[in-house]
Amino acid sequence: MLTAAALFCHPTACLAEATQAVAQTFAGRGAGSATLIARSGQRGWLLTAAHVVNGETQVHVTWQSGAKQAAKVVAADGRLDVALLEIFQPPSIEPIPLAADDQWPRQGETIELIGYGGGRLRHWQAKVNGYALTRGVGRYQTLSVATRTIGGDSGGAMIFRGKLVGVIWGGPLAGPR
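> What is the right way to read the overall build of the protein chain from this model?
Counting secondary structure elements, the protein chain contains 3 helices and 12 strands. Expressed as a percentage of its 177 residues, the buried residues of the protein chain come to 44%. Excluding contacts between residues fewer than 6 apart, the proportion of contacts in the protein chain whose partners are at least 24 apart in sequence is 59%. Total accessible area computed for the protein chain in this model is approximately 9,400 Å², and 52% of it derives from carbon and sulfur atoms.

The structure is reproduced here in structure tokens:
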């Protein structure tokens, strides 16, 4: 969880803490982003997009500090485009907690996005368009925002009021719902 101080800090300080929890992810020949969502003892877990790990079972993450470590893909769902990574001896970084059902943004509200687009850590804001249904294999409700992403942002953090509300990905949508 974010520290109590982080929940009530100046936005610049909150952002600095949140960006530390987002790592650059390397899997095979691809790269993306992943967010530290939990830690317990010597283990930590990161959430990313499944297409970032692209069927790999072992990936590597690089933290903002430059520290590198191996990560294991413990679960991936290509239909939902989400994957869970496990690391050992996570850095002393506060995870970004997952949002509860009643903590999701509404249409028109602004969320923070953090990713490694173009291989560089970047942060930006976007307005929520609403919720939309994905096309393709199955139809799933997804958070739709008005933004442009760069290769490498995939798997990055979508944050609302200090909570992770999604991972960054791009694709066709059926329209707002």
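> Help me out: how do you make sense of the sheet that holds strand β6 (residues 82-88) in this one?
Hydrogen bonds between backbone atoms are what pair the strands of a sheet, whose relative direction is either parallel or antiparallel. Strand order in the closed barrel formed by 6 strands is β1-β2-β3-β6-β5-β4, and the pairing between neighbours is antiparallel. Pairwise comparison of adjacent strand axes, ignoring direction, gives a mean angle of 40° for this sheet. Judged from the 5 bridges that link them, strand β5 (residues 68-77) and β6 form a sheet pairing that is antiparallel. Each residue of the ladder has a partner; that of Ala75, found in β6, is Leu84.

> In this structure, what is going on with the side chain of Ser33? I would like to understand it.
One can find Ser33 in strand β2 (residues 30-40). Looking at Ser33, the relative accessible area reads 0%, which means it is buried. The contacts of Ser33, once residues within four sequence positions are left out, are Val22, Ala23, Thr25, Thr48, Gly115, Tyr116, Gly152, Asp153, Ser154, Gly155 and Gly156.

> Quick question: what am I supposed to make of the packing of aromatic side chains here?
When we look at a pair of aromatic rings, we describe it by the centre distance and by the angle of the planes. Following the criterion strictly, the structure yields 0 aromatic pairs and no others. Here the guanidinium or amino end of Arg122 rests over the ring plane of Trp124, the centre of that ring lying 3.9 Å away.

Cut-off values and rules
Residues numbered from 1 in each chain as written. Predicted model: local features only at pLDDT ≥ 70, side-chain atom pairs only at ≥ 80, totals over all residues. Heavy atoms only, no water. Helix = DSSP H or I, 4+ residues; strand = E, 2+ residues; numbered from the N terminus. Buried < 20%, exposed > 50% of the residue type's maximum accessible area, 1.4 Å probe, protein only. Contact = heavy atoms within 4.5 Å. Areas by Shrake-Rupley, 256 points an atom, 1.4 Å probe, with all protein chains shown as cover. Pairing = 2+ DSSP bridges. Axes fitted to C-alpha atoms, helices over the stretch in contact; angles between N-to-C directions. Phe/Tyr/Trp six-rings, centres within 6.5 Å; stacked < 30°, edge-to-face > 60°. Lys NZ or Arg CZ within 6 Å of the ring centre and 35° of its normal.

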